[in-house]
Amino acid sequence: MHKKSLTELSEGLKQGQYSSVELTQYFIDRINTYQPTLNALITVTEESALQEAKQADELIKSGDAGDLTGIPIIHKDIFCTKGIKTTCASKMLDNFIAPYSSTVTQNLESAGMVMLGKANMDEFAMGSSNETSYYGAVKNPWQLDKVPGGSSGGSAAAVAAKLAPVSTGTDTGGSIRQPAALCGVTGLKPTYGRISRFGMIAFASSLDQAGTFTSSAEDAAKLLQVMAGFDERDSTSIDKPVPDYSATLNDSVAGLKIGLPKQYFDPGLDPLMAEKIEQALDAYKKMGASIIDIDLPHTDQSIPVYYVVAPAECSSNLSRFDGVRYGYRCQQPKDLDDLYKRSRSEGFGEEVKRRIMIGAYTLSAGYYDAYYIKAQKLRRLISEDFKQAFSKVDVIMGPVTPTTAFNIGEKLDDPVSMYLSDIYTIAVNLAGLPGLSIPAGFIDDMPMGLQLIGNYFEEGKLLNIAHQYQQVTDFHRQTPNL
Ligand code: GLN
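Now for a quick tour of the structure. (Residues numbered from 1 in each chain as written. Predicted model: local features only at pLDDT ≥ 70, side-chain atom pairs only at ≥ 80, totals over all residues. Heavy atoms only, no water.)

1. Digging into helix H3 (residues 46-62)
Piece 1. Under the 1.5 Å per step criterion, the end-to-end length of H3 is 25 Å for 17 residues, consistent within 8% with the ideal 24 Å.
Piece 2. Among all positions of H3, only Ala-49, Glu-52, Ala-53, Ala-56, Asp-57 and Ile-60 are buried. Seen end-on, H3 carries its buried residues on one side only, within an arc spanning 150°. Facing away from the buried side of H3, by more than 90 degrees, are the exposed residues Glu-47, Gln-55, Glu-58 and Lys-61.
Piece 3. Each element contacted by the buried residues of H3 is listed here: helix H1 (6-14), helix H2 (20-38) and strand E3 (114-119). (Helix = DSSP H or I, 4+ residues; strand = E, 2+ residues; numbered from the N terminus. Expected span 1.5 Å × (residues − 1). Buried < 20%, exposed > 50% of the residue type's maximum accessible area, 1.4 Å probe, protein only. Arc of directions from axis to C-beta. Contact = heavy atoms within 4.5 Å.)

Here is the structure:
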């Protein structure tokens, strides 16, 4: 049963092959079996899940069920969920019960989905390996001494290990696409503004975007359908009609123009990875697509720009965690200064503190022009590169990561080498474009991903292009032996 996609499970529910309560119990049993090994979840909401499943069953009986009714899901612990612990994987929020729900989780709940729990992640979504979590590292289900990627590592590992058919995540610089690639699942990061950020704990507000982990593009289309849309509670959410993402999945890709950025095939890319990408492109050529070389000249600026912009925004966003209003407070503070200082020093982990300090520095009076303003100008040039490219091609393809999953602990003492694992994903966030990672093969038994980058609001086209590939390949159907 766990190998079935959301689409298949939804059919089974509607046909009465099993109830949502049975399905939910089945996945809870899997969580109980594999959670001790994988550490993919921070909170398991068994009781409320069974309650929600019961309600879903009633809806199914009444004939009013939608595609998502009764389907279990796991949410990244960055989404506020009313009445349920929401930690962002930080000691700072270890005791925080959200007083309201995010739009994302609310929309999915209203569609009848059953929340099984909250996924482990890098602390405040800062990381590429899930090792910065206060609750410990997540293991890659394909090989337990490897990282699952990050920051949405728990969400990716959970879907790969089939602890739930689908999960949610967020992507600020690659946090959906990179773990999806390293865990062999389908990961979608939509256009900035497509999905509301309301109730999603902020890391870097101009880059953060919610998205999905699924076993296929077809499943991602169903989730996005419900997650996307305007929300007046998020001033950056965009008021644009949501197209029917499932309706265009079967469109032909004959005549498709695929752009191949030469900068994405640099010496840092594992040659075996490059080979797999070539094979994926061959599959598209067979379907009638053509490959066009393109230039994204500012690609090498994307990591430096990101590590000015993201820390600047994070230093501002995380100033709200002061030990006064909510979250962690130090024991017996001497005075107010001591309360702020110790609460923040004790409540935040190393990586988060590193980012806050970088951000405070680049925003300070003497350095604002030299760093922050300069980074914003370069960000604009990075967007312009994509604009140029999309005047010639329909979609851009390339690797998601330079290598497959690395060992746990391997990059922990070398932040710059960790930052470089997002070299092919970060520019997409700086430009606000949609990106998708799909399983495209294995290297030494570890999964790797193909990245699809689309023009603004072309999620439907990306899902169509991915779905066509998933009709002629079965990498996305492989599951790890646990
Ligand atoms: N790995 C990047 C970082 O550490 C991106 C994280 C993300 O997308 N949330 O900031």
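2. Quick look at the pattern of salt bridges
Piece 1. Following the criterion strictly, the structure yields 15 salt bridges and no others.
Piece 2. Between Asp-322 and Arg-325 there is a salt bridge, with its nearest N and O atoms 3.0 Å apart.
Piece 3. Residue classification places Asp-322 among the buried positions, given a relative accessible area of 9%.
Piece 4. Between Arg-380 and Glu-384 there is a salt bridge, and its shortest N-O distance comes to 3.3 Å. Placement of both Arg-380 and Glu-384 in helix H12 (residues 368-389) is noted, with a separation of four residues, approximately one turn of the helix.
Piece 5. The class of Arg-380 is exposed, set by a relative accessible area of 56%.
Piece 6. The partly exposed category is assigned to Glu-384, whose relative accessible area is 29%.
Piece 7. Here the salt bridges share partners, and the residues they tie into one network are Asp-338, Arg-342 and Glu-346. (Salt bridge = Lys/Arg side-chain N within 4 Å of Asp/Glu carboxyl O.)

3. Considerations on the site of the ligand
Piece 1. Around the ligand sit 15 residues, and of these Gly-173, Ser-175, Tyr-306, Arg-355 and Asp-422 come closest.
Piece 2. Take Ser-128: an N or O atom from its side chain is 2.8 Å from a nitrogen atom of the ligand.
Piece 3. Within the side chain of Tyr-307, a nitrogen or oxygen atom sits 3.4 Å from an oxygen atom of the ligand.
Piece 4. Contact with the protein chains hides 100% of the accessible area of the ligand, taken as 290 Å² for the molecule alone.
Piece 5. Of the residues in the shell around the ligand, the class split is five nonpolar, seven polar and three charged. (Near = heavy atom within 4 Å. Polar contact = N/O pair within 3.5 Å; in protein donor to acceptor, adjacent residues only side chain to side chain. Areas by Shrake-Rupley, 256 points an atom, 1.4 Å probe, with all protein chains shown as cover. Nonpolar A, V, L, I, M, F, W, Y, C, P; charged D, E, K, R; others polar.)

4. Section: helix H4 (residues 103-110)
Piece 1. Three or more residues of H4 are buried, namely Thr-103, Val-104, Thr-105 and Leu-108.
Piece 2. If you follow the buried residues of H4, they end up packed against strand E2 (72-76), strand E4 (166-171), strand E6 (209-214) and helix H7 (217-227).
Piece 3. Gly-112, located one to two residues past H4, shows a positive phi value of around 95°.

5. Here's the deal with the sheet that holds E3
Piece 1. Pairing within the open sheet is mixed, and its 11 strands lie in the order E1-E3-E2-E4-E6-E5-E10-E11-E9-E7-E8. Strands at the two margins of the open sheet, each flanked by one partner only, are strand E1 (41-44) and strand E8 (290-294). Between one strand axis and the next, the sheet turns by 30° as a mean value, whatever way the strands run.
Piece 2. Sheet topology places E2 next to E4; two bridges connect them, and they run parallel. Paired with Ile-74 across the bridge in E4 is Ser-167.
Piece 3. Contacting E2, E4, strand E5 (186-189) and E6, H7 crosses the sheet at an angle of about 145° to E6. (Pairing = 2+ DSSP bridges. Axes fitted to C-alpha atoms, helices over the stretch in contact; angles between N-to-C directions.)

6. What about a nonpolar patch on the surface?
Piece 1. A surface patch of nonpolar side chains, about 250 Å² in accessible area, is lined by Val-324, Leu-336 and Tyr-340.
Piece 2. Mapping Val-324 onto the fold places it in the loop between helix H9 (302-317) and helix H10 (336-347). (Patch = residues over 30% accessible without salt bridge, like charges linked within 9 Å, V, L, I, M, F, W, Y side chains within 5 Å.)

7. Thoughts on the side chain of Ser-20
Piece 1. The topology assignment puts Ser-20 in helix H2.
Piece 2. Once residues lying within four places of it in the same chain are set aside, the contact partners of Ser-20 are Leu-13, Ala-53, Ala-56, Asp-57, Gly-70 and Val-114.

8. Quick word on the packing of H7 against helix H15 (residues 459-472)
The relative placement of two packed helices is expressed as an angle between their axes plus a distance between the axes.
Piece 1. Contact geometry of H7 with H15 gives a least axis separation of 8 Å together with a crossing angle of 155°. With respect to H15, the element H7 is oriented roughly antiparallel. In this structure, H7 uses Ala-217, Glu-218, Ala-220, Ala-221 and Leu-224 to contact H15, whose residues at the interface are Glu-459, Leu-463, Ala-466, His-467 and Gln-470. (Parallel < 35°, antiparallel > 145°, perpendicular 65-115°, else oblique.)

9. Some points on the packing of aromatic side chains
Two numbers describe a pair of aromatic rings. These are the distance of the centres and the angle of the planes.
Piece 1. Under the counting rule described, the total for this entry stands at 17 aromatic pairs.
Piece 2. On the basis of an interplanar angle of 15° and a centroid distance of 5.6 Å, the ring pair of Tyr-284 and Tyr-469 is categorised as stacked. Residue Tyr-284 is located in helix H8 (residues 271-286), and its partner Tyr-469 is located in helix H15; the two are separated by 185 residues in the primary sequence.
Piece 3. Since its relative accessible area comes to 0%, Tyr-284 is described here as buried.
Piece 4. Summarising the aromatic geometry, the rings of Tyr-306 and Tyr-307 are spaced 4.8 Å apart at their centres and angled 75° between planes, so their arrangement reads as edge-to-face.
Piece 5. Judged by its relative accessible area of 4%, Tyr-306 falls in the buried class.
Piece 6. Here the aromatic cluster, defined as three or more aromatic residues joined through ring pairs, consists of Phe-96, Phe-124, Phe-321, Tyr-326 and Phe-348.
Piece 7. The ring of Phe-198 has Arg-233 lying over it, and the distance from NZ or CZ to the ring centre is 4.2 Å.
Piece 8. A cation over a ring is seen here: Lys-240 above Phe-457, with NZ or CZ 5.1 Å from the ring centre. (Phe/Tyr/Trp six-rings, centres within 6.5 Å; stacked < 30°, edge-to-face > 60°. Lys NZ or Arg CZ within 6 Å of the ring centre and 35° of its normal.)

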